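Architecture and fold: a report
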Amino acid sequence: MADKRDLQTPPKKRSKSSRPSSDPKSSSPSLPPTPLSATPRRSTRRRASLHFPTPPPKKRKTPKSTAEKKQKQQVFYKKVVYDGGEFEVGDDVYVKRREDEDEVEVQVEEQCRVCFKSGKAVMIECDDCLCGFHLKCLKPPLKEVPPGDWVCGFCEARRLGKEVQLPTPPKGKKLVRTFREKLLSSDLWAARIESIWKELDGTYWCRVRWYVIPEETEAGRQPHNLRREIYRTNDSANIEMESILQHCFVMNPREYAKANEGDDVFLCEYEYDIHWYSFKRLAEIDGDKEDDDAESDEDWKRDKDSDSDTEEEVEFEEESTKNILAKPSRAHELAANSHKGRFYGLQKIGMKQIPKHVRCHKQTALERAKSTLLLASLPKSLPCRDKEMLEISAFIKGAISDDKCLGRCLYIHGVPGTGKTMSVLAVMRNLRSEVDAGSIRPYCFIEINGLKLASPENIYRVIYEALSGHRVGWKKALHLLNERFSNGKKFGKDDDKPCILLIDELDLLVTRNQSVLYNILDWPTKPNSKLVVIGIANTMDLPEKLLPRISSRMGIQRLCFGPYNYRQLQEIISSRLRGIDAFEKQAIEFASRKVAAISGDARRALEICRRAAEITDYRIKKLISTPKNASEGKALVGMAEVEAAIQEMFQAPHIQVMKTCSKLSKIYLTAMVYELYKTGMGETTFEKLAMTVYNLCTSNGEAFPGHDMLLKVGCKLGECRIILCESGAKHRLQKLQLNFPSDDVAFALKESKELPWLAKYL
Amino acid sequence: MGGENPAEKALILLRTRLCDPNFIFRPLCESSDSNYSKLKFLVSSSVTEGCNNSILLLGPRGSGKIAVLDLVIGDLLQEYPDSITVIRLSGLLHSDENCALKEISRQLCTEHQLLFSKMASFDENSQFLVAMLRECGLAHKTIIFVLDEFDLFALGKQRLLYNLLDALQSVTSQAVVIGVSCRLDADQLLEKRVISRFSNRKLLFLPPSKEDIQRLLEYILLLPTDSSLPTDYVVEFNAKLQNILADEKFKEIINTYLNFDSTVKDFLRYLFRAVSNMDLQSGMLSLENFKTALSNIQRHPKMESIKDCSILELYLLVCMKRLEVKEQNSYNFTAVMKEYKCVHDSFQTSDYYAKNVCLRAFEHLLQRGLIEFMDNRGQNQSVEYRPVKLLISFQQLHQGLKSYRSCPAILQKIMDREK
């Protein structure tokens, strides 16, 4: 933020209303000198309290919406005349904060702080309190607006530490505030219109990007903030046009320096990130991505400007442009897949209407069972992991509440699908609610998956971005993180919060010299780091495989997620299926016993049950489609379906392929097995095998196809990985090996009908 | 001009049929046991119920995995026109995860008319993918990822598969991942944490049975009676074809072919060959066509290249064989030359060539692929000293010599003696 101050242009002295009578328009101080608004179109219909010093223009149309014809869709506009004001995409406006804002009397014209009158006389603005003074009311009175900064007597006195008695307004005339004052005292919003459209019900809506005043930022008002400085945010919302009050004018420093009149002029130089409380120069952002956009807008405005002396024409032209513009706004010319986190144009994907199959689909019990068994659907509770979750939350709480959490590091291991990540996330959710309730100190939580990083070093970038919101290269990020964690240098306001770092798939961070892991695990040992690392991986002995200096830092506290046993799996499945009558009880037990025996992976168990439900569903739907036996299918998932699902999941399909492959392939495989039996060697060469095949064929009355054909057959088997083989170019020297146990081949080929003699050799 | 002759028209029709996988696989898909209906059920249920699935299609090359998948996707696109996006990746092209993610983003962008940036990084693309999945899920649109040559995606860290499958673990996403592979053990290649996220539906594509082949033959080869072809021609053609199909000899030919290779695609290639042999004069298919096609398609490249060898080259091959029989496994041109001289001396052969002529012959053998250098080392060494090995088995060599028209008797004799 240090660089902010010196980039600021020195504020130029602005007079409240210069050139007293040369230009009739300038007599209204609320009219800033931007060309478009040079033709004021406010009606007094709604805002009766507004009083305009200028008479209403003679030849004005009644306020109306520009698109006359009723359309059934949302129609996007570039410009609308709403409620007397003309609003255009890209305009800055005041927006009501409260519903009753309209009723409050608002002074449009600035009053003199001394005599409490407005009037035509030249006023000067104090650069400190932004109050206006008539030149003649000042003591001593001024002849003309002085160049450079000017501070009123009250402020000067206040600076010197004196008690200041501001003149009180005369009775019956209360001090009314202008929009500007209300904005700066956060009674109004300011926003920039990004798009305008008409809803189906005829109301006008717009999407606005908010501005904030410095007091509303996390940092608060800084000494270098100008009085009229506001920040553009990256936050936007859809609001109704009703709540828009009138134009204001937010300018960049260059324009601001030139603009020397009008009360509703603001300076905006930075964009404020409401999530990260960080500031970014607008010039940089706009230079980056909205170049063409901004350009075209400006061009358009300039054209208008040159035309503005012939009002009739403008009027006409505007009408015509409006009609043209009554088409949906043009697509954003930005690449959709770049700019992390801000993907452009994704809102276009939405459906025009919800498809019929979604709308009028009534779920059967089976379908409901299928959807609850989905891996994606989060269960309401996590059964069977209470002990581990308690341990995790005790660990985290201990680490957070401890003032100096030295060397806090937890290593969680267990086979896939045992709920490691899910448990940690559940604990974090519980803690989050405790933070909200105020019972423990706030912390920040960063979740990283090793497999989702492009390279191990990228983890620094991700951590730094999560902590500060800035995106830098990994080397710089490492440097900054080192400064923060090792040297205790803070780079933000809320940095004294403890930070919990969850690294999933930790083993992916192991580099050749293991520096990434070392760095990350070294930070928690530093005195003021307040970093807690939770690592998750599959292997139990990962710390032991690493360098001793790493394992000593990581291996102290460990938590093992053992595979689920069948009871737990059964509980997990039935807790999900509670209230749905789709499964036989034994079927669930069978599935969970089977999975528990193989891997204890809950995902597998759920998938098997879902698959079994699918098989049942498929069978039933097929039965219904054949009208003969419409009602016969029973809607319960039974043992047979679970068995089928297990078969499909765990059994390699090679036996089926061997059973159905061509005759020559069968002979080939038999010869391989025979060769294996004969020599006892797993590996053979094509030449030897061809000899065996030749012998088998001649002694059993089959035609020997020739070596080259046989080679082709072998290569095809190799492609399916039924056998392992070298490339066919090696011909007779090609090495061959069975990829499956010879018993499998024997089992598959023994009962072959077309070649009964194969059994002799198996 | 070709339109005048009904035979030519018929030929064009048959060829179009053979080249159109949609036409071929349609009748194989009808029964409820077929992979088509199973796959269609799986995919369409994830479209309608908004869930995620991952499916593996396994089977030998040419068994119609992609063809059936295309049929299913085509049908579903018609059924649910706006709600399906198909992303196709091939392991041969996109096994690198960076490039795969980029390709996914590109296809997603073109599908949804978004602007695509080539410069986006891995992170950006993977976040874009997640955002798209969520956005599509909310809009009830299903994304179908087709990963051809699935086994090649399983090389390395399997980052793409992990990212893809992990993205499917959220409720909002609605996607189907279909892996297509000819490796039967494709799922065992996956890492544990990847396979744990994979939902492991497997469909096995097997070669068609004998009855299916018979039906397929009739379905493809019989001409339609309601086409622009003259009716009497069609009737005659079909009658003749029915005769052929019923012929035992024909069945034998077909069986010979199927014994060798029984996948659909190879069978179609064979039929194409046979149909192309059709005599345009008579306009009828004959048994002869199928017979020649069989010999055309079952080739023996090594035997053929022996047929083209010169006598000297045969001598060299036999010498090498003799060396191998003597259990001298590593030999180079000089050793072969020595052997050649030895043979010449002991058998007093009539033709003896100088060393440089022999070297030419030797190089020719190398080019024909009948012999090969043992290793890639010593590439700067001259050809004469690099060890070589024989790439043709003794039996084949023997057979080749026998069928060689003007093979010197002495060569045969040497060969026989060694046997």
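Just so it is clear, the structure is predicted and the values come from calculations on it, not from any experiment.

1. Concerning the state of the cysteines
The term disulfide refers to a covalent linkage connecting the sulfur atoms of a pair of cysteines. All names here are of chain B. Taken as a whole, this structure holds zero disulfides over all chains when the rule is applied. Looking at the unpaired Cys136, the closest cysteine sulfur is the one in Cys109, lying at 11 Å. No disulfide involves Cys407; its sulfur sits 11 Å from the nearest other cysteine sulfur, which is in Cys309.

2. Considerations on the sheet that holds strand 14 (residues 444–449) of chain A
The pairing of strands in a sheet comes from backbone hydrogen bonds and takes either a parallel or an antiparallel form. Residues and elements named next belong to chain A. Across the sheet, five strands lie side by side as 14-15-16-13-17; this open sheet has parallel pairing. Strand pairing shows two members of the sheet lacking a second neighbour, strand 14 and strand 17 (557–561), which therefore form its edges. Pairs of neighbouring strands in the sheet enclose a mean axial angle of 15°, with direction left out of account. Judged from the five bridges that link them, strand 15 (residues 499–504) and strand 16 (residues 531–537) form a sheet pairing that is parallel.

3. Concerning the interface of chain B and chain A
Contacts between chain B and chain A engage 92 residues on the former and 87 residues on the latter. Summing both partners gives a buried area of about 7,700 Å² for chain B against chain A, and 55% of it is carried by carbon and sulfur. Counting the contacts that link chain B with chain A gives eleven salt bridges. Here Arg201 of chain B and Glu607 of chain A are joined by a salt bridge, their closest N and O atoms 3.1 Å apart. Linking chain B with chain A are 34 residue pairs in polar contact (both at pLDDT 80 or more), by the criterion used here. Element by element, the count of residues in the side of chain B that touches chain A is highest for helix 7 (residues 122–138) of chain B, at ten residues. Partitioning the side of chain B that touches chain A into residue classes produces 37 nonpolar, 28 polar and 27 charged.

4. Some remarks on the sheet that holds strand 20 (residues 735–738) of chain A
Residues and elements named next belong to chain A. Sheet architecture is open: three strands sit in the order 18-20-19, paired in antiparallel fashion. Each end of this open sheet is capped by a strand with a single partner; those strands are strand 18 (683–685) and strand 19 (723–725). The mean inter-strand angle of the sheet, taken between neighbouring strand axes irrespective of direction, is 30°. With three bridges connecting them, strand 18 and strand 20 associate as antiparallel partners. Directly across from Glu683, in strand 20, lies its bridge partner Gln737. Where helix 22 (residues 663–679) meets the sheet, its contacts fall on strand 18, strand 19 and strand 20, and the angle it forms with strand 20 comes to roughly 90°.

5. As for the layout of surface pockets
Estimates place the volume of the second largest pocket at around 1,300 Å³. Sorting the residues of the lining of the second largest pocket by element identifies helix 19 (602–625), helix 20 (639–650), helix 21 (654–660) and helix 22 of chain A together with helix 3 (35–49), strand 5 (201–204), helix 11 (210–221) and helix 13 (248–260) of chain B as the ones contributing at least two each. Considering each element in turn, the lining of the second largest pocket owes the most residues, five residues, to helix 3 of chain B. Residues that form the lining of the second largest pocket fall into these classes: 23 nonpolar, twelve polar and 14 charged.

6. Brief notes about the nonpolar core
One finds Tyr668 and Ile722 of chain A together with Ile104, Phe145 and Tyr270 of chain B to be the most contacted residues of the largest nonpolar core, which totals 144 residues. Sequence-distant contacts of Phe145 of chain B, defined by excluding residues within four places in its chain, comprise Ile87, Ile104, Leu129, Leu133, Leu164, Ala175, Val176, Val177 and Ile178 of chain B. Ile371, Leu401, Ile410 and Leu411 of chain B belong to the second-largest nonpolar core, a separate cluster that totals 38 residues.

7. What to know about the pattern of salt bridges
Across all of its chains, the model carries 51 salt bridges over all chains by this definition. In this structure, Asp617 of chain A engages Lys621 of chain A in a salt bridge whose closest nitrogen and oxygen atoms are separated by 3.3 Å. Here Asp617 of chain A pairs with Lys621 of chain A, and both are found in helix 19, just four residues apart, close to one helical turn. Across the salt bridge formed by Asp266 of chain B and Arg269 of chain B, the nearest N and O atoms sit 3.1 Å from each other. Linking Asp266 of chain B with Arg269 of chain B, this pair stays in helix 14 (residues 264–276), spanning three residues, or about one helical turn. Relative accessible area serves as the criterion here: at 9%, Asp266 of chain B is assigned to the buried category. One network of salt bridges, in which partners are shared, links Glu607, Arg610, Arg611, Glu614 and Glu648 of chain A together with Arg201 of chain B.

8. Structural notes on the packing of aromatic side chains
Residue and element names in this part refer to chain A. Taken as a whole, this structure holds 21 aromatic pairs over all chains when the rule is applied. Ring geometry for Tyr94 versus Phe266: centroids 6.3 Å apart, planes at 90°, classification edge-to-face. With Tyr94 in strand 4 (residues 92–96) and Phe266 in strand 11 (residues 265–273), the pair connects residues that are 172 residues apart, well separated along the chain. A relative accessible area of 0% places Phe266 in the buried class. Relative to Tyr272, the ring of Tyr231 lies with its centre 6.4 Å away and its plane at 35°, an arrangement referred to as tilted. Of the two residues, Tyr231 is situated in strand 9 (residues 229–240) and Tyr272 in strand 11; the sequence distance between them amounts to 41 residues. An identical accessibility class is assigned to Tyr231 and Tyr272; each is buried. One cation-aromatic arrangement involves Arg432 over Tyr443; the distance from NZ or CZ to the ring centre is 5.5 Å. In this structure, Arg593 is placed above the aromatic ring of Tyr566, and the distance from its NZ or CZ to the ring centre is 3.8 Å.

What counts as what
- Residues numbered from 1 in each chain as written.
- Chains lettered and ligands numbered in written order.
- Predicted model: local features only at pLDDT ≥ 70, side-chain atom pairs only at ≥ 80, totals over all residues.
- Heavy atoms only, no water.
- Disulfide = S-S within 2.5 Å.
- Pairing = 2+ DSSP bridges.
- Helix = DSSP H or I, 4+ residues; strand = E, 2+ residues; numbered from the N terminus.
- Axes fitted to C-alpha atoms, helices over the stretch in contact; angles between N-to-C directions.
- Contact = heavy atoms within 4.5 Å.
- Buried area = accessible area lost by both parts, 1.4 Å probe.
- Salt bridge = Lys/Arg side-chain N within 4 Å of Asp/Glu carboxyl O.
- Polar contact = N/O pair within 3.5 Å; in protein donor to acceptor, adjacent residues only side chain to side chain.
- Nonpolar A, V, L, I, M, F, W, Y, C, P; charged D, E, K, R; others polar.
- 1 Å grid on protein atoms, 1.4 Å probe; cavity = no way out; pocket = protein on both sides within 12 Å on 5 of 7 lines; lining within 4 Å.
- Points joined across faces, edges and corners; volume = space filled by probe spheres on them.
- Core = buried A, V, L, I, M, F, W, Y, C linked by side-chain atoms within 4.5 Å.
- Buried < 20%, exposed > 50% of the residue type's maximum accessible area, 1.4 Å probe, protein only.
- Phe/Tyr/Trp six-rings, centres within 6.5 Å; stacked < 30°, edge-to-face > 60°.
- Lys NZ or Arg CZ within 6 Å of the ring centre and 35° of its normal.

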